Amino acid sequence: MYETHYHRASSIQDAVKLRQAAGEGKYLSGGMTLIPTMKQRLAAPSDLVDVRQVPEMKGISVSGRTVRIGAATTHFDVASSSELAALCPAISGLASHIGDPHVRHMGTIGGSIANNDPAADYPSAMLALDATIITDRREIAAGDFFTGLFETALEDGELVTAVTFEAPAKAGYQKFANPASRYAMTGVFVVRRDNGDVRVAVTGAGSNGVFRHEGIEAALSAQWSPDALANVTVDPSDLLSDIHADATYRANLVKVMAKRAVAAARAD
Amino acid sequence: MGVEGIGARVARKEDKRFLTGKGRYTDDMSVPGMKYAIFVRSPYAHAKIRSIDAAAAKAMPGVIGVLDGKQLLADGIGNLICGWMIHSKDGSPMKMGAWRPLAHETVRYVGDAVAIVVADSVAEAKDAAEAVVVDYEELPVVTDATKALEQGQPQLHPEAPNNLIFDWQIGDPAATDKAIAAAAHVTEITIHNNRLSPNPMEPRATLGIYDGGDDHYTCYTTSQNPHVARLVMSAFYNVAPENKLRVIAPDVGGGFGSKIYIYPEEIVCLWASKRTGVPVKWTSDRTEAFLTDAHGRDHLSKVKMAFDANNRIIGLKVDTVANLGAYMSLFSSAVPTYLYATLLSGQYDIPAIHANVRTVYTNTAPVDAYRGAGRPEATYLLERTMETAARELGVSPAELRRINFIRTFPHQTPVIMNYDAGDYDASLDAAMKAADWNGFAARKAEAAGRGMKRGIGMSCYIEACGIAPSAAVGSLGAGVGLWESAEVRVNAVGTIEVLTGSHSHGQGHETTFAQLVADRFGVPIDSVNIVHGDTDKVQMGMGTYGSRSGAVGMSAVVKALDKVEAKAKKIAAHLMEADESDIVIENGELKVAGTDKTVPWFQMALAAYTAHNLPPGMEPGLKEGAFYDPANFTFPAGCYICEVEVDPETGVTKIIQFVAADDFGNIINPMIVEGQVHGGLAQGIGQALLENVHYDPENGQLLTASYMDYAMPRADDLPSFKVSTSNTPCPNNPLGIKGCGEAGAIGSPPALINAITDAIGNNRLTMPATPQKVWAAAHAAN
Ligand SMILES: Cc1cc2nc3c(=O)[nH]c(=O)nc-3n(C[C@H](O)[C@H](O)[C@H](O)COP(=O)(O)OP(=O)(O)OC[C@H]3O[C@@H](n4cnc5c(N)ncnc54)[C@H](O)[C@@H]3O)c2cc1C
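Residues numbered from 1 in each chain as written. Chains lettered and ligands numbered in written order. Predicted model: local features only at pLDDT ≥ 70, side-chain atom pairs only at ≥ 80, totals over all residues. Heavy atoms only, no water.

The name recorded for chain B in an unreviewed UniProt entry is Xanthine dehydrogenase family protein molybdopterin-binding subunit, from Ensifer oleiphilus.

If you check an unreviewed UniProt entry, chain A appears there as Xanthine dehydrogenase family protein subunit M from Ensifer oleiphilus.

Structure representation (structure tokens):
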């Protein structure tokens with residue numbers, strides 16, 4: 001690790017100010033991605049602005065069916081919130097399968113979506129839930145937020161402070177874990193609204209990061225059941241191939257995980 | 001046996017230290033003035049070094065020195081060597097290319113060391129290492145062994161045209177070809193054995209200390225065999241003569257073979273300590289371990305197995321290409337030859353065998369022995385072939401094996417080995433019973449009802465431990481003898497130290513070796529200390545690998561105990577005015593049989609050291625040593641059965657049950673033996689399902705250089721194992737021990753793959769059987 005300077009922010013304003021004052025600064029949340037990258041000397045921020053202790057960025061609040069999760073909320077807190085489990089168990093389940101207990105007690109939702117790892121779990125939930133990403137300066141729809149591999153709509157110095165979404169009637173998430181990293185080799189998050197709208201987002205499989213699958217959405221809009229996917233085809237041409245799985249296999253996984261996600265959503 | 005003697009399930013003495021973080025590993029060692037080393041490593045798999053410019057690095061804060069391969073050469077430090085000579089079938093010796101501890105002309109794999117930076121801190125050393133400018137001229141790369149043998153491929157070493165190290169054979173080619181020609185059925189199969197990274201929990205580390213006052217070197221290192229390290233470093237690398245070099249391998253956190261070898265880092269840190277005048281410590285990080293620890297396996301074999309009309313095997317022909325990586329590691333030549341092809345008879349009576357083995361250089365990390373070393377390769381090949389043959393012949397897999405089992409001992413195979421004892425039916429019966437083999441059809445039908453494909457597979461393995469005797473291995477090319485030494489020191493108060501040339505790096509010697517003493521003298525194991533891993537304490541030893549510590553190391557202890565017992569009895573007889581032949585030792589007392597006369601053990605020991613009243617002419621003290629050279633290998637064997645369920649939608653394999661029925665001969669501590677089997681099974685299952693070292697074939701970059709991409713087995717990948725033993729004692733050593741350290745890793749991969757191929761109805765499957773491969777195979781025609 002190269003030398004760096006550590007700052008602990010006490011408020012959103014303070015965080016943004018510290019970050020602006022720093023040369024090559026970076027926000028630090030759980031550090032589960034950033035610190036290993038620094039240890040491997042692949043990142044060399046001059047300053048780290050720790051946002052995990054900012055009170056406005058922590059915790060989960062629910063009003064009616066509107067859910068707000070602070071950006072610095074850990075995966076463990078999301079996984080173990082009983083309010084969330086009652087409204088949207090799919091996201092609790094998703095959080096409970098991220099990494100291992102150490103990672104879940106340190107890693108945060110804000111860090112995960114700001115990082116936008118193509119194999120991360122949360123981006124699929126945000127996209128399928130049509131969540132809004134709240135930053136220190138604006139609100140961004142999830143559909144506009146995730147722009148590519150490790151790319152987001154965030155501007156330099158922009159801080160994610162929270163995410164909000166309306167809890168859907170039904171939601172389900174199924175992840176096929178990479179045997180080595182246990183990140184998503186393919187993960188599918190399905191959402192069905194009371195009005196019949198269906199959104200399906202796929203992570204881990206797209207060569208350009210998280211994406212919605214229109215064919216699956218159309219089939220599930222017509223019939224909300226695993227069987228509805230029998231005749232859907234998933235085109236492998238935009239999917240990832242790597243040493244763990246090729247695009248053809250990932251295409252199969254997209255369909256199988258979607259089927260299982262619907263089954264899980266129906267069972268909840 | 002007594003509560004702590006042979007056969008007792010004693011909890012491990014060393015566990016308190018290990019489990020409470022009180023272990024003392026090489027990286028825990030700290031000496032005054034110690035500095036830290038970082039190696040500058042090649043980012044290319046094959047390149048010429050045009051120049052190395054260290055001027056900027058030397059000027060950086062905290063830097064004490066930057067040294068390169070030219071300086072190392074100038075100081076007369078020798079090449080790393082392979083210590084086992086193999087001759088090709090044309091009589092020519094193996095083609096050993098030069099392996100410099102620091103490359104100064106050519107780098108041959110990603111991670112090849114080119115310079116060492118010594119600095120006040122690891123961080124400063126890393127900063128400076130980045131500032132060392134190496135000008136490389138990239139060369140073309142080859143990573144696949146079969147490809148490397150073809151015409152026109154990149155050449156690694158001028159000594160080895162077409163990258164061929166040797167072309168060796170064993171057995172009778174003519175008789176085997178004749179058997180195949182006359183066969184009623186020939187099963188043919190291509191077998192690939194995947195490349196593995198050993199991944200001990202503790203990465204390699206070394207601390208080199210040069211003492212200018214005495215011109216003496218001390219080397220702390222993560223070694224399975226510190227004496228061999230000292231021998232090789234003084235005899236071949238010219239680091240220092242043996243009397244000026246002390247090697248200490250303190251607590252070592254696992255090795256699995258990878259810590260047998262002498263690596264560049266030990267040599268270079270010792271040399272750098274002299275050059276810079278400070279003690280130099282280097283600790284590998286995990287990615288360096290993936291890049292530079294010797295890998296295991298990487299074989300491709302073509303197999304023909306010939307049967308007569310009664311389904312008896314009449315011949316076996318094997319053609320193997322083994323990838324040895326960029327350089328020949330210390331025992332790399334022995335693994336695909338004498339540790340592999342000599343086991344190709346398996347548990348079967350095969351009249352004719354011929355194996356041809358070609359070993360090859362490629363731009364990959366060196367490959368050497370890894371848990372099992374050659375025997376997993378032989379077992380996987382044979383047991384997949386047997387299963388395939390059973391399916392082709394329409395015989396049950398158990399029946400085909402029974403038809404061919406060896407049942408009379410000793411049995412001379414056509415490939416050197418002479419099996420001394422065994423009962424292969426017993427372990428097959430035990431495994432089939434434990435697995436409820438006969439109930440499988442019902443379980444398969446039930447699974448099918450849930451849309452799952454259930455399969456069952458077996459593997460009947462044999463292996464050879466405690467490689468020996470020294471004269472025989474010497475005649476086959478080994479550069480060392482494979483005996484073991486022990487010394488038993490009884491202190492004046494009766495406590496006992498056992499010095500052994502074996503080295504414990506997870507095997508539990510501090511407990512099991514003490515159990516031998518407790519068994520013999522009836523003293524508590526807490527009064528027995530095991531001393532190992534330091535060339536200044538233990539005079540000489542051959543270390544621990546190949547499951548040799550029990551069969552060879554403990555046998556040496558037994559010989560030393562015999563001598564101690566004889567002298568102790570003489571002293572006691574003298575003290576009690578009895579006849580020496582009437583003395584018995586029980587519960588820590590020496591008694592005159594049939595009387596109530598006794599001398600406590602400690603009193604006898606005190607008498608030995610006060611020497612006030614010893615038999616006339618007897619030397620004071622009580623300390624005896626022994627060297628033990630076994631008459632033969634030992635031959636553990638067993639039967640493993642695996643039952644799986646494959647999800648046809650995803651190709652995910654779930655292990656439903658795994659049964660291991662082993663014959664390890666006599667057992668000192670059943671709990672430790674079970675632990676060894678569990679660990680071995682986990683490693684074998686890891687190989688079969690998950691693990692694979694993956695190099696980019698175009699540029700030789702290691703794509704599995706961290707746990708993000710290299711899949712290790714985890715607890716939830718494994719079932720609860722059903723293990724049992726049915727033991728035929730080994731007739732060739734005093735304890736009747738065979739060895740258990742590697743069996744799990746040897747026997748398990750074929751059982752698992754046989755189960756998967758049974759489930760999916762397609763035999764075309766390579767390890768690791770990843771979900772993608774299993775899914776593709778399940779949906780392809782056989
Ligand atoms: C062993 C291991 C296993 C894992 N397994 C999984 C898994 O299965 N699934 C999965 O999805 N993830 C997994 N992760 C990643 C984990 O979820 C991390 O929590 C996540 O990737 C990053 O979150 P963090 O809070 O640690 O962010 P950090 O590492 O602190 O930051 C990550 C990046 O985001 C930026 N950042 C952080 N917070 C903000 C903010 N509020 N606004 C703007 N930018 C910000 C940082 O500057 C940095 O660039 C794993 C990680 C590890 C170490």
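What follows covers the overall build of chain B. Of the regular secondary structure elements, chain B holds 20 helices and 28 strands. Its C-alpha atoms give chain B a radius of gyration of 27 Å, near enough to 28 Å, the size a compact globule of 782 residues would have. Reported as C-alpha extents along the three principal axes, the dimensions of chain B are approximately 85 × 75 × 50 Å. For chain B, buried positions account for 63% of its 782 residues. Sequence-distant contacts in chain B: of pairs separated by 6 or more residues, those separated by 24 or more amount to 79%. Of the roughly 26,800 Å² of accessible surface on chain B, a fraction of 53% belongs to carbon and sulfur atoms. (Helix = DSSP H or I, 4+ residues; strand = E, 2+ residues; numbered from the N terminus. Rg over C-alpha atoms; globule rule 2.2 N^0.38 Å. Buried < 20%, exposed > 50% of the residue type's maximum accessible area, 1.4 Å probe, protein only. Contact = heavy atoms within 4.5 Å. Areas by Shrake-Rupley, 256 points an atom, 1.4 Å probe, with all protein chains shown as cover.)

Moving on, we get to the domain arrangement of chain B. All names here are of chain B. As assigned here, chain B comprises domain 1 (31-139 + 201-254 + 259-292), domain 2 (296-468 + 632-781) and domain 3 (483-628). The interface is formed by 30 residues belonging to domain 1 together with 31 residues belonging to domain 2. The contact between domain 1 and domain 2 buries some 2,500 Å² in all, and 67% of this surface belongs to carbon and sulfur atoms. Sorting the residues of domain 1 by area buried against domain 2 places Trp84, Tyr261 and Phe290 first, and these three jointly supply 28% of that buried surface. Where domain 1 packs against domain 2, one counts zero salt bridges. The interface formed by domain 1 and domain 2 holds 14 residue pairs in polar contact (both at pLDDT 80 or more) in total. Elements with a contribution of two residues or more to the side of domain 1 that touches domain 2: helix 7 (226-235) and helix 9 (286-292). Considered class by class, the residues forming the side of domain 1 that touches domain 2 number 20 nonpolar, five polar and five charged. (Domains from an automatic or database assignment. Buried area = accessible area lost by both parts, 1.4 Å probe. Salt bridge = Lys/Arg side-chain N within 4 Å of Asp/Glu carboxyl O. Polar contact = N/O pair within 3.5 Å; in protein donor to acceptor, adjacent residues only side chain to side chain. Nonpolar A, V, L, I, M, F, W, Y, C, P; charged D, E, K, R; others polar.)

Let us now look at the nonpolar core. Within soluble globular proteins, side chains that are nonpolar tend to cluster in buried spots. All names here are of chain B. Core analysis: the biggest nonpolar cluster contains 176 residues, and Ile116, Met233, Leu344, Ile641 and Ile756 have the highest contact counts within it. Here this core takes nine residues from helix 19 (residues 743-760), the largest share from any one element. Non-local contacts of isoleucine 641, meaning those with residues more than four positions away in its chain, are made with Ala431, Met432, Ala435, Trp437, Ile456, Gly457, Met458, Gln657, Phe658 and Val659. The next biggest cluster of nonpolar side chains, apart from the first, holds 49 residues, and it includes Ile496, Ile530, Ala572 and Met604. (Core = buried A, V, L, I, M, F, W, Y, C linked by side-chain atoms within 4.5 Å.)

Glancing now at the interface of chain B and chain A. Listed as interface residues are 23 residues of chain B and, on the opposing side, 21 residues of chain A. Summed over both sides, the interface of chain B with chain A buries roughly 1,900 Å², with 49% coming from carbon and sulfur. Where chain B meets chain A, there are seven salt bridges. A salt bridge links arginine 182 of chain A to aspartate 717 of chain B; its shortest N-O distance comes to 3.3 Å. Viewed at the interface, chain A and chain B are joined by 14 residue pairs in polar contact (both at pLDDT 80 or more). Only helix 4 (122-131) and helix 20 (771-779) of chain B provide two or more residues apiece to the side of chain B that touches chain A. It is helix 4 of chain B that contributes the most residues to the side of chain B that touches chain A, four residues altogether. Along the lines of polarity and charge, the residues of the side of chain B that touches chain A split into ten nonpolar, four polar and nine charged.

This brings us to the side chain of threonine 379 of chain B. Counting through the fold element by element, threonine 379 of chain B comes out in helix 10 (residues 375-393). For threonine 379 of chain B, a relative accessible area of 5% corresponds to the buried category.

UniProt's feature table lists "domain: Aldehyde oxidase/xanthine dehydrogenase a/b hammerhead" (unreviewed entry) at residues 20-140 of chain B, given in the numbering used throughout. With 17% helix and 29% strand, residues 20-140 of chain B has its two end C-alpha atoms placed 50 Å apart. (UniProt positions renumbered as here; feature names shortened; annotations may be inferred.)

This part takes up the site of the ligand. All names here are of chain A. In the vicinity of the ligand lie 27 residues, with Tyr27, Ser29, Gly31, Thr108 and Asp121 positioned nearest. A distance of 2.8 Å is found between an oxygen atom of the ligand and a backbone nitrogen or oxygen belonging to leucine 34. In the environment of the ligand, a nitrogen atom lies 2.9 Å from a nitrogen or oxygen atom belonging to the backbone of valine 160. Contributing elements (two or more residues each) for the shell around the ligand: strand 2 (25-28) and helix 7 (109-115). Each of domain 1 (1-167) and domain 2 (170-267) gives at least three residues to the shell around the ligand. (Near = heavy atom within 4 Å.)

Turning our eyes to something else, we now look at the pairing of strand 12 (residues 184-192) of chain A. Residues and elements named next belong to chain A. Taking burial as the measure, the nine residues of strand 12 include eight buried ones, the bulk of the element. With eight bridges joining them, strand 11 (residues 170-177) and strand 12 adopt antiparallel strand pairing. Bridged to alanine 171 within strand 12 is valine 191. Here strand 11 hands over to strand 12 after six residues, with arginine 182 in that stretch at a positive phi of 65°. Judged from the six bridges that link them, strand 12 and strand 13 (residues 198-203) form a sheet pairing that is antiparallel. (Pairing = 2+ DSSP bridges.)

The subject of this paragraph is the pattern of salt bridges. Using the criterion set out here, one finds 59 salt bridges over all chains in the structure. As a salt-bridge pair, arginine 212 of chain A and glutamate 217 of chain A come within 2.9 Å of each other at their nearest N and O atoms. Since its relative accessible area comes to 35%, arginine 212 of chain A is described here as partly exposed. Residue arginine 50 of chain B is joined to glutamate 137 of chain B by a salt bridge in which the shortest nitrogen-to-oxygen separation is 3.7 Å. Residue arginine 50 of chain B is found in strand 2 (residues 47-53), and its partner glutamate 137 of chain B is found in strand 6 (residues 133-138); the two are separated by 87 residues along the sequence.

All names here are of chain B. Pairing is antiparallel across the open sheet formed by three strands, whose spatial order is 4-2-6. The two strands at the open ends of the sheet, each matched to only one other strand, are strand 4 (106-107) and strand 6. Here strand 2 runs beside strand 6; their pairing, made up of six bridges, is antiparallel. The partner of serine 51 across the bridge, within strand 6, is aspartate 135.

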